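Chain by chain, the residues:
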Amino acid sequence: MADQAANMIELKYIVVKFGDFEALHNINVDVKQGEFFTFLGPSGCGKTTTLRTITGFIEPVSGTVNVNGKDITHVPIEKRNIGIVFQSYALFPTMTVYDNIAFGLKIQKLKKPEIDAKVRDIAKKVDLTDEQLQKAVSQLSGGQQQRVAIARALVTGPAIICMDEPLSNLDAKLRVQLRNELKKMQRDFGITTIYVTHDQEEALTLSDRIAVFNKGFIEQIGTPNEVYNHSKTEFVCNFIGDINKVEDELADKLGVDKSQNHFIRLERIRVNREPQEGEASLPGTIESREYYGLYIKYYIRCAGQIIKVIERNDGINLYDPGQQVTVGIHARNLMSYPRQ
């Protein structure tokens, strides 16, 4: 157990201020060894500030940062043994890929043969060819530059790698492709990873656990399934994925307490199915639909409101605007929160 505890990141009661503005309020996070841990939230919520506190770019006014059981709160950046991948990659555009990757090793004053072996080894692991190593970074595509940034962060053998929105500058298709590669790489290296993103899908796909930030507080820490299906607060429930808010008329039909706010995920609602025990079966009219191929998203007028529903595309049932349908909702699938 001592070994495992020694390889955790622990943030205890971290407070960060910029002038009079308190950016982080008592942040507490434990990250296990080898874990892919994501800080998720909207712009300005404190996730990057927390990352920069771990890496040493920001010093908290109170609280401690522990890595491997050691307090590193006041240790300089270069002595923390943490690899960093920035949103902009922060590569040297006029230098070759090889020299970019070797940069940290030269600072460590390693001998040339050792530097060469390490650079070529890490390049292979991130799928960069010998030919690409000789090119200037500016000659590479965005996806290739991202690999260089990751290789440079990993080559010095850090205990931890911190990534700040590393995919946000890429187009959607490449982002998904590199997301899969990133997860595989992280698994292969077994390196403890802190990942910052505002993209819920990215967080759900990549993470072992997620911390959801809001206005300098952490609203919930949990697995993707816990955060998505058992959202602890109304903010988390609305921020993660798409959701329906249950208005009063629908709440009456479902027989639920109207002193609370109720929400239901799109895929928890059933259209034109055999009613299940305890399920409310309500008449509805298709208002419109969005066709995504794998699934279809319907907007259905039901109980005085528009309900969004996702149905798997079976190639047979396609409901048209104006069509009458039955909508099945079970109260057990609601997420409920006290009204503010």
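Everything in this summary refers to the structure shown in the same document. (Residues numbered from 1 in each chain as written. Predicted model: local features only at pLDDT ≥ 70, side-chain atom pairs only at ≥ 80, totals over all residues. Heavy atoms only, no water.)

## Notes on the sheet that holds strand 10 (residues 217-222)
- Pairing in this open sheet of six strands is mixed, and the strands run 6-7-8-3-9-10 from one edge to the other. At either margin of the open sheet sits one strand with a lone partner, and together these are strand 6 (82-85) and strand 10. Strand-to-strand, the axes of this sheet are offset by a mean angle of 15°, without reference to chain direction.
- Looking at chain direction, strand 3 (residues 36-40) and strand 8 (residues 192-197) are connected through five bridges and run parallel. Paired with Phe37 across the bridge in strand 8 is Ile194.
- Of the strands in this sheet, strand 6 and strand 7 (160-164) are in contact with helix 6 (residues 142-154), which crosses strand 6 at around 170°. (Pairing = 2+ DSSP bridges. Helix = DSSP H or I, 4+ residues; strand = E, 2+ residues; numbered from the N terminus. Axes fitted to C-alpha atoms, helices over the stretch in contact; angles between N-to-C directions. Contact = heavy atoms within 4.5 Å.)

## Looking at helix 4 (residues 112-125)
- For helix 4, with 14 residues, the first-to-last C-alpha span of 20 Å sits near the 20 Å given by 1.5 Å per residue.
- On its buried face, helix 4 sits against helix 3 (97-107), helix 5 (130-133), helix 6 and helix 7 (172-189).
- Positive phi appears at Asp127, one or two residues downstream of helix 4, with a value of about 65°. (Expected span 1.5 Å × (residues − 1).)

## Details of the pattern of salt bridges
- The full count for this structure, using the stated rule, is 16 salt bridges.
- Between Asp188 and Lys184 there is a salt bridge, with its nearest N and O atoms 2.9 Å apart. Of the two residues, Asp188 and Lys184 both sit in helix 7, four residues apart, roughly one turn of that helix.
- Across the pair Glu287 and Arg301 runs a salt bridge whose closest N-O atoms are separated by 3.3 Å. You can see Glu287 sitting in strand 14 (residues 279-291) and its partner Arg301 sitting in strand 15 (residues 295-302), a full 14 residues away along the chain.
- You can call Glu287 partly exposed: its relative accessible area is 38%.
- Since its relative accessible area comes to 40%, Arg301 is described here as partly exposed.
- Salt bridges sharing partners connect three or more residues here, namely Asp116, Arg120 and Asp130. (Salt bridge = Lys/Arg side-chain N within 4 Å of Asp/Glu carboxyl O. Buried < 20%, exposed > 50% of the residue type's maximum accessible area, 1.4 Å probe, protein only.)

## What to know about the environment of Tyr319
- Along the chain, Tyr319 falls in the loop between strand 16 (305-312) and strand 17 (324-330).
- A residue is classified by how much of its surface remains accessible, and Tyr319, at 8% relative accessible area, is buried.
- Taking the C-alpha atoms as reference points, Tyr319 and Arg187, 132 residues apart in sequence, are found 42 Å from one another.

## Remarks on the packing of aromatic side chains
- Scanning the model with the defined rule gives eight aromatic pairs in all.
- When the ring of Phe263 is compared with that of Tyr337, the centres are 6.1 Å apart and the planes differ by 55°; the resulting orientation is tilted. Taken as a pair, Phe263 in strand 12 (residues 260-265) and Tyr337 in strand 18 (residues 335-338) lie far apart in primary sequence, 74 residues in all. Tyr337 matches Phe263 in its accessibility class, with the two residues each being buried.
- The rings of Phe37, Phe39 and Phe213 are connected pair by pair, giving a single aromatic cluster.
- The ring centre of Tyr228 lies 4.1 Å from the NZ or CZ of Arg265, which sits over that ring. (Phe/Tyr/Trp six-rings, centres within 6.5 Å; stacked < 30°, edge-to-face > 60°. Lys NZ or Arg CZ within 6 Å of the ring centre and 35° of its normal.)

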